[in-house]
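If you want the building blocks of each chain, they are given just below.
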Amino acid sequence: MKRSVQITFLLLISVFLIVKADSIVGSKHDLSVTNFYGPDTEASTEICVFCHTPHSSNAALDLVWNRNVTDATVFTMYNGLNGTPNNPSMLCLSCHDGVSVEGDISAVDSFDAHNVINSPDSGLADNPASSNCNACHFSGDIYPDSSWRVGPNLTNDHPVSISYADAQAAGVTQLEAFPTGGVKLFDGMVECPSCHDVHNPVNGTFLRINNTNSNLCAACHIK
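Treat the numbers as computed from the prediction; the structure is a model and nothing was measured. (Residues numbered from 1 in each chain as written. Predicted model: local features only at pLDDT ≥ 70, side-chain atom pairs only at ≥ 80, totals over all residues. Heavy atoms only, no water.)

S.K.: Go over the overall build of the protein with me, naming the residues and quoting the values.
M.R.: Within the protein one finds 7 helices and 2 strands. Taken from the N to the C terminus, the helices and strands of the protein come in the order α-α-α-α-β-α-β-α-α. Expressed as a percentage of its 223 residues, the buried residues of the protein come to 32%. Considering only contacts within the protein whose residues lie at least 6 apart along the sequence, 56% involve residues at least 24 apart. Accessible surface, the protein as shown: approximately 13000 Å² in total, 60% of it carbon and sulfur. (Helix = DSSP H or I, 4+ residues; strand = E, 2+ residues; numbered from the N terminus. Buried < 20%, exposed > 50% of the residue type's maximum accessible area, 1.4 Å probe, protein only. Contact = heavy atoms within 4.5 Å. Areas by Shrake-Rupley, 256 points an atom, 1.4 Å probe, with all protein chains shown as cover.)

Structure representation (structure tokens):
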């Protein structure tokens, strides 16, 4: 009986570790009180609230989004033309556009960057709450780095909100018939979450596939 209990306990621990390994909990997207960046008494014990709210969400975006985008018209797409990314990418850019102290144009103003629509525990509109300050301002720095700040100029980033089929037909690059290995299309379009799984930090920078030997690139591109 004792051995059975030990085995059960080990199995439960294993399951916990597996779940924890591919969870947003403790990742860079966890902005709760105890998070990747360190304890923050200003934040909430909730985790989902920094992106999602069950009521009075941003009606312009999907997935009951708890953040506003101040001006979605300022983006410059990969082809150099002005445009608005599709919703799957706009969800990411509502944070990763990145308000900058350097004074560059941003689609998200300072208030929207620092506040969610509905505060934790309220479930009510017009009750904004500050996000975790340590996520961006730890160690006394204005920003810990700039890698997460994509900005509204998308001309130097992988194209998003483009048709995979149109790219195939254009023949600009050789592409697989369909993306492989877990890379996703959204209504046939390549978007930020095509390559990134925001809830799973296992592969670093939330990639859907480990990019060793350029595996992620090879999921679409034939080289």
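S.K.: Requested: an account of helix 2 (residues 87–96), with residues and values cited.
M.R.: The buried fraction of helix 2 is high, at 7 of 10 residues. Along helix 2, the residues classified as buried are Pro88, Ser89, Met90, Leu91, Cys92, Leu93 and Ser94. Along its buried surface, helix 2 packs onto helix 6 (192–195). Just beyond helix 2, the residue with positive phi is glycine 98, at close to 80°.

S.K.: So, the nonpolar core: which residues are in play, and what are the values?
M.R.: Proteins that are soluble and globular tend to have nonpolar side chains buried together. If you look at the biggest cluster of nonpolar residues, it comprises 13 residues, and the most contacted ones within it are Leu61, Val69, Phe75, Met90 and Leu154. If you tally residues by element for this core, the top one is helix 2, at 4 residues. Apart from the residues within four sequence positions on either side, phenylalanine 75 is in contact with Leu81, Asn82, Gly83, Pro85, Met90, Leu93, Asp97, Ala107, Gly151, Pro152 and Leu154. Of all hydrophobic cores here, the second largest spans 9 residues; its members include Tyr164, Val183, Leu207 and Leu216. (Core = buried A, V, L, I, M, F, W, Y, C linked by side-chain atoms within 4.5 Å.)

S.K.: Can you lay out the environment of lysine 223 for me, pointing to particular residues and giving the numbers?
M.R.: With respect to the helices and strands, lysine 223 occurs in the segment after helix 7 (215–218). Looking at lysine 223, the relative accessible area reads 88%, which means it is exposed.

S.K.: I'd like to hear about the environment of proline 54, residue by residue, with values.
M.R.: Checked against the element boundaries, proline 54 lands in the loop between helix 1 (2–21) and helix 2. For proline 54, a relative accessible area of 61% corresponds to the exposed category. Sequence-wise, proline 54 and valine 64 are 10 residues apart; in three dimensions their C-alpha atoms are separated by 6.1 Å.

S.K.: Kindly report on the confidence of the model for the protein, identifying the contributing residues and their values.
M.R.: Mean pLDDT for the protein: 80, with 77% of residues reaching 70 or above. Counting interchain partners and residues more than four positions distant, the pLDDT-below-50 stretch residues 4–20 has 2 contacts. (pLDDT = per-residue confidence, 0-100.)

S.K.: Could you give an account of unusual backbone geometry, with specific residues and numbers?
M.R.: The phi torsion of most residues other than glycine is negative, and most of the peptide bonds are trans. Of note in the backbone geometry, serine 56 takes a positive phi value of approximately 55° without being a glycine. With a phi angle near 60°, phenylalanine 206 is a residue other than glycine that sits in the positive phi range. With respect to the helices and strands, phenylalanine 206 occurs in the loop between helix 6 and helix 7. Residue classification places phenylalanine 206 among the buried positions, given a relative accessible area of 8%.

S.K.: Go over the side chain of serine 194, please, and point to the residues and values.
M.R.: Take serine 194: it is sitting in helix 6. A polar contact of 2.6 Å, which involves the side chain of serine 194, links it to the backbone oxygen of lysine 184. Within the structure, serine 194 has its side chain in polar contact with the backbone nitrogen of glutamate 191 (distance 2.8 Å). (Polar contact = N/O pair within 3.5 Å; in protein donor to acceptor, adjacent residues only side chain to side chain.)

S.K.: Which residues make up the environment of valine 108, and what values go with them?
M.R.: Within the secondary structure, valine 108 is located in the loop between helix 2 and helix 3 (110–114). The class for valine 108 is buried, based on a relative accessible area of 2%. Here the alpha-carbon distance between valine 108 and proline 152, two residues 44 residues apart in the chain, equals 9.2 Å.

S.K.: Tell me about the state of the cysteines, and name the residues and values.
M.R.: Applying the stated criterion across every chain, the model contains 0 disulfides. Cysteine 95 supplies the cysteine sulfur nearest to cysteine 51, a cysteine that is in no disulfide, at a spacing of 5.4 Å. Residue classification places cysteine 51 among the partly exposed positions, given a relative accessible area of 27%. (Disulfide = S-S within 2.5 Å.)

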